[in-house]
Amino acid sequence: MSRRWIQNPNRCADEYLDGIEDFIEFARRHNPGATRIRCPCRRCNNTLFESIENVGFHLVRNGMIETYSIWNLHGEQVDHASSSNAPRVDNVEPIGDPNDQVMGIIQDAFPFASTNINQEGEEDLPTPIDSAEFEQYEKLLKNANQELYPGCESFSVLTAIVELMHGKIKYRMSNLCFDYFLGVFKRMLPTDNCLPKDHKHAQKVLHGLGLGYEKIHACKNNCMLFYKEHETLDTCPICNESRFKMTSQNRTTKIPQKVMRYLPLKPRLQRLYMSTHTATDMRWHKEKRVDDDVMRHPADGEAWKEFDRTFPEFAADPRNVRLGLATDGFNPYGVLNQHHSTWPIFAFPYNLPPWKCMKKEYMMMTVLITEDPGRSIDVYLRPLVDELKDLWTNGVRTYDKSTGRMFTLRAAVMWTVNDFPAYAMVSGWSTKGYMACPVCKEDVTSGWHAGKVCYLGHRRWLPWDHEWREKDKEFDGNTERRLRPREWSGDEILEQLNRLDFAPFGKTVSRTRPSTHLNWTHKPMFFELPYWSKLKLRHNLDVMHVEKNVFDTLVGTILDIEGKTKDTIKARLDLERMGIRRGLWMNRDSDKARRDLAFFSMKPNDKKEFLKFVSSVKFPDGYASNIARCVNVDGGKFTGLKSHDCHVFMQRLLPVGIRHLLPEDVVKPIMLLSRFFSQLTAKTLRRTDMFQLRHDIVQVLCKFEMIFPPAFFTSMIHVMVHLPEEALLAGPVNYRWMYPIERLLGELKKVYATGQSPKDQL
């Protein structure tokens with residue numbers, strides 16, 4: 001039977017609809033009596049069960065997986081002699097005995113249990129194993145072979161726990177709810193059953209699979225961790241604060257003041273090679289990536305290629321893992337505690353192909369901090385950095401399921417991804433003050449305008465003979481003869497940091513920073529990694545938050561929204577002080593001064609027309625949220641716009657809505673800025689386009705300097721000049737911005753709301 005209809009893009013065609021009917025009939029015939037079957041649509045991906053009627057609806061709405069031409073998950077027999085040429089179905093595991101699947105998991109977690117695994121370059125030598133790991137293996141094997149109750153053939157103790165824990169996590173069941181139903185199931189089963197009585201005991205059974213974490217006590221004032229050489233101390237040697245809380249003398253256990261959760265990285269990286277498909281995909285960046293002018297993946301960037309040239313031994317094995325790190329704070333308790341924030345630190349592998357990279361399934365939480373650590377984040381990074389140093393120097397012996405062999409897995413962090421405040425915490429360079437730009441550093445052009453620090457001087461990026469360099473009144477009143485700021489190498493930064501003397505970490509330590517320290521707050525712990533100073537890009541500017549802040553500043557100014565516009569009375573007085581743009585000075589009549597509407601701001605009627613246009617726009621389902629709900633036509637402003645709303649607004653609505661409402665000299669640079677973000681945030685980038693964007697953004701910023709007052713140029717406006725350069729170094733921005741991290745934090749908020757622990761999800 002021909003199944004070419006699966007690839008038909010027209011899901012309303014008779015051929016496609018007839019094919020769906022054939023599939024439904026096939027599923028009914030091969031699954032007699034079944035009311036729910038696996039749904040092979042692109043969204044469910046054969047991992048979710050739906051009623052047969054819903055499956056037909058899903059296939060029309062979402063389309064069938066294009067590679068699912070052999071319906072083995074719905075009863076079709078596979079010809080193993082020819083299956084090697086059949087297309088592979090990603091993320092789909094064949095139906096089988098749950099007990100056999102659990103035994104397969106154990107064998108993957110403890111590859112020494114398989115007798116046919118050899119060391120690379122060795123013959124029939126067993127994998128070395130310590131006694132503690134062998135004891136865990138024996139416990140898991142015992143639970144996998146033990147019947148749930150006498151006579152039960154369908155479930156072993158371990159299989160039952162795995163199934164129940166999977167349902168708990170999938171449907172976000174709280175620990176209390178899970179304990180209740182576990183007790184109900186235990187009472188339903190025969191009295192001599194072996195089901196654990198609560199969630200705590202179920203977790204102990206699964207601990208041997210590497211799903212645990214470590215609790216590390218921390219000083220109350222963030223001075224240090226009671227870790228390694230300080231593990232036995234009862235007081236902090238820096239602030240003399242007690243490690244434990246004051247409790248009654250009758251209490252047998254001591255309660256620590258503060259606890260950090262650390263989830264070891266090595267077992268999570270090893271787990272990537274436990275599945276044949278994942279193990280193969282971890283080599284995609286080397287074996288299947290196309291190397292041309294188009295950048296589709298971080299491996300296409302110059303930073304990745306320079307790393308390979310600097311460390312050829314590491315690059316020789318494509319199974320070695322390239323990691324990104326990200327952190328951000330969130331309030332898990334909503335409005336119940338406005339001052340609390342939890343800070344998880346995530347690691348994500350970049351070896352995977354584009355359709356798997358940055359997905360939630362492959363993001364690994366490594367550290368969980370229960371408050372905002374500030375500059376003391378390096379205190380909490382100590383266990384992670386120690387493990388990363390060991391992964392670089394020694395590696396960890398790992399079983400590769402795709403080859404059936406052991407190899408030494410090594411890992412390296414390519415860069416971090418953070419918003420601007422977290423950038424300062426991780427990089428050690430403060431993103432506030434006169435030197436807020438972490439790329440230009442002390443060579444940034446900044447000044448005090450309208451009661452705040454502003455960042456001008458973008459003519460420095462123009463060619464040396466450009467005519468705008470000689471103009472003064474159109475800009476800040478001065479000609480520009482300086483070259484662009486110099487670029488600092490990692491070795492130069494490390495040498496500079498080694499000359500500085502920083503105060504210890506902790507809340508009780510004075511934060512006064514000498515002028516010789518510039519904007520450095522501390523020496524980042526990542527410089528302990530042997531390769532960190534050799535990286536061409538260590539920290540990424542987050543395009544998501546940059547675009548959001550640029551949008552707020554621009555729209556607030558051209559709509560003249562009170563509290564958001566940068567065209568204030570202070571900004572007008574600043575223009576008078578500088579002696580530039582007389583047409584924007586305050587209008588003084590009869591001893592009164594008033595601020596007339598600027599030429600770059602919309603008139604009241606034009607503003608209302610623009611807001612009505614925005615409120616009338618309809619987007620395709622799933623493309624964007626309902627932005628019309630955020631428009632206040634009578635109030636003349638926007639409320640509640642999220643980052644993605646601003647992303648769509650900036651690139652799609654703004655250039656259309658303003659083109660007949662503002663002067664042409666104002667509209668053109670705004671449209672050029674919209675095109676800049678549209679091309680920069682594309683999933684694929686051409687190097688030639690990035691060179692053009694590098695030129696375009698300088699033109700836009702220089703034109704803005706001729707239009708808007710200096711108060712317009714915040715640090716977020718300035719850092720746009722560095723975004724094309726980072727794209728050339730690291731590839732498409734969708735691997736280096738906070739959108740996937742923010743979505744994951746949203747999942748963790750839901751976890752907290754249901755009373756679960758976030759480690760259960762990750």
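Just so we're clear, the structure is a prediction, and the values are computed from it rather than from any experiment.

A. A look at the overall build of the protein chain. Assigned secondary structure in the protein chain consists of 25 helices and 19 strands. Over its C-alpha atoms the protein chain spans a radius of gyration of 30 Å, differing by no more than 12% from the 27 Å that the globule rule assigns to 762 residues. Overall, the C-alpha framework of the protein chain stretches about 100 × 75 × 55 Å when taken along its three principal axes. Here the protein chain holds 762 residues, and 52% of them are scored as buried. The long-range share in the protein chain, meaning contacts at least 24 apart out of those at least 6 apart in sequence, stands at 65%. A total accessible area of about 36700 Å² is found for the protein chain, and carbon and sulfur atoms account for 50% of it. For the protein chain, the distance from the average position of its 106 positive side-chain charges to the average position of its 97 negative side-chain charges is 5 Å.

B. Expanded view of the side chain of glutamate 705. Looking at the secondary structure, you find glutamate 705 in helix H21 (residues 687-707). Here glutamate 705 sits buried without a salt bridge, and the closest side chain of opposite charge, arginine 459, lies 4.9 Å off (N-O distance). Once you skip the residues sitting within four places of it in the chain, glutamate 705 turns out to touch Leu456, Gly457, His458, Glu474, Phe475, Arg581 and Phe713.

C. Quick peek at the nonpolar core. Among the nonpolar cores identified, the biggest contains 167 residues, and Leu269, Tyr531, Phe610, Phe638, Leu654, Leu673 and Met720 are the most heavily contacted of them. If we ignore the near neighbours within four places in the chain, the residues touching leucine 269 are Val321, Leu323, Met364, Leu391, Leu409 and Ala411. Counting residues in hydrophobic clusters, the runner-up holds 20 residues, among them Trp5, Phe23, Val55 and Tyr68.

D. Main features of helix H5 (residues 157-170). If you check H5, its first and last C-alpha atoms are 20 Å apart, about what 14 residues at 1.5 Å a residue would give, namely 20 Å. Where H5 is concerned, the buried positions are Val157, Leu158, Thr159, Ala160, Ile161, Met165 and Lys168. Positive backbone phi, approximately 55 degrees, marks arginine 172, located one or two places after H5.

E. Region of interest: unusual backbone geometry. One non-glycine residue with positive phi stands out, namely asparagine 222, at about 65 degrees. Topologically, asparagine 222 is positioned in the loop between strand S3 (214-218) and strand S4 (258-262). Residue asparagine 240 is not a glycine yet carries a positive backbone phi of 60 degrees. On the secondary structure map, asparagine 240 appears in the loop between S3 and S4.

F. Looking closely at the packing of helix H16 (residues 543-558) against helix H19 (residues 643-657). Packing of H16 against H19 leaves a shortest axis separation of 9 Å and a crossing angle of 60 degrees. In this view, H16 runs oblique relative to H19, as classed from their interaxial angle. Like other packed secondary-structure pairs, H16 and H19 cross with a definite hand, here left-handed. Taken together, the residues of H19 that come into contact with H16 (itself represented by Met544, Glu547, Lys548, Val550, Phe551, Asp552, Leu554, Val555 and Ile558) are Ser643, Cys646, His647, Phe649, Met650, Gln651 and Leu654. Grouping the constituent residues of the contact of H16 with H19 by class yields ten nonpolar, three polar and three charged.

G. The arrangement of a negative patch on the surface in detail. Residues Asp14, Glu15, Asp18, Glu21, Asp22 and Glu25 make up a contiguous surface patch of negative charge. Its place among the elements puts glutamate 21 in helix H1 (residues 14-30).

H. The confidence of the model for the protein chain, seen in detail. Within the protein chain, residue pLDDT values average 88, and 90% of them lie at 70 or more. Predicted confidence for residues 80-96 stays below pLDDT 50, and this span has 28 contacts to residues more than four positions away or in other chains. Segment residues 114-127: pLDDT under 50, and 24 contacts once partners within four positions in sequence are set aside and those in other chains are kept.

I. Broad picture of the packing of aromatic side chains. Going through the model one piece at a time under the given rule, you end up with 33 aromatic pairs. Taken together, a centroid distance of 5.4 Å and an interplanar angle of 55 degrees make the contact between tyrosine 350 and tryptophan 415 tilted. Of this pair, tyrosine 350 sits in the loop between strand S7 (343-349) and strand S8 (364-369) while tryptophan 415 sits in strand S11 (residues 411-418); the two residues are 65 residues apart in sequence, bridging distant segments of the chain. With a relative accessible area of 0%, tyrosine 350 lands in the buried category. Residues phenylalanine 619 and tyrosine 623 carry aromatic rings whose centres are separated by 5.8 Å and whose planes lie at 25 degrees to one another, so their mutual orientation is stacked. You can call tyrosine 623 partly exposed: its relative accessible area is 35%. An aromatic cluster of at least three residues, connected via ring pairs, comprises Phe599, Phe600, Phe704, Phe708, Phe712 and Phe713.

Quick notes on the rules
- The residue numbering used here restarts from 1 in each chain and proceeds along that chain's sequence as written.
- Restriction of local features to residues with pLDDT of at least 70 applies here, the model being predicted, together with a cutoff of 80 or more for giving and counting side-chain atom pairs; totals for whole chains, interfaces and linings are based on all residues.
- Each side-chain value is derived from all of the structure's non-hydrogen atoms; neither hydrogens nor water enter the calculation.
- Numbering of helices and strands runs from the N terminus; a helix is a DSSP stretch of H or I covering at least four residues, while a strand is a stretch of E covering at least two.
- Put simply, the radius of gyration uses C-alpha atoms, and a globule should come to 2.2 Å times the residue count raised to 0.38.
- Each residue gets one of three labels from its accessible area relative to the maximum for its type: buried under 20%, exposed over 50%, partly exposed in between, using a 1.4 Å probe on protein chains only.
- Only heavy atoms matter for contacts: two residues are in contact if any of them lie within 4.5 Å across the pair.
- Computed by Shrake-Rupley with a 1.4 Å probe, the accessible areas treat only the displayed protein chains as cover when residues are assessed.
- The convention is simple: Lys and Arg are positive, Asp and Glu are negative, and His and the chain ends are not counted.
- Charge coordinates come from a single atom per side chain, which is NZ of Lys, CZ of Arg, CG of Asp or CD of Glu.
- Salt bridges, as used here, are contacts in which a Lys or Arg side-chain nitrogen is within 4 Å of a carboxyl oxygen on Asp or Glu.
- Remark: nonpolar core denotes a set of buried residues (Ala, Val, Leu, Ile, Met, Phe, Trp, Tyr, Cys) joined through side-chain atoms within 4.5 Å.
- To estimate how far a helix should reach, multiply one less than its number of residues by 1.5 Å.
- Fitting a line to C-alpha atoms yields each axis, with helices limited to the stretch in contact; the angle taken between N-to-C directions then spans 0 to 180 degrees.
- Under this scheme an angle from 65 to 115 degrees is roughly perpendicular, one under 35 degrees roughly parallel, and one over 145 degrees roughly antiparallel; angles in between are oblique.
- When the near helix sits turned anticlockwise from the far one by under a right angle, the crossing is termed left-handed; a clockwise turn instead gives a right-handed crossing.
- Throughout this entry, Asp, Glu, Lys and Arg are counted as charged residues, while Ala, Val, Leu, Ile, Met, Phe, Trp, Tyr, Cys and Pro are counted as nonpolar. The remaining residues, Gly among them, count as polar.
- By definition, no residue in a patch forms a salt bridge, and every one has over 30% relative accessible area; like charges are joined within 9 Å, nonpolar side chains (Val, Leu, Ile, Met, Phe, Trp, Tyr) within 5 Å.
- The predictor attaches a confidence to each residue, and that confidence, scored 0 to 100, is pLDDT.
- Planes of paired rings set the category: under 30 degrees apart is stacked, over 60 is edge-to-face and the rest tilted, where pairs are Phe, Tyr or Trp rings (Trp by its six-membered ring) whose centres lie within 6.5 Å.

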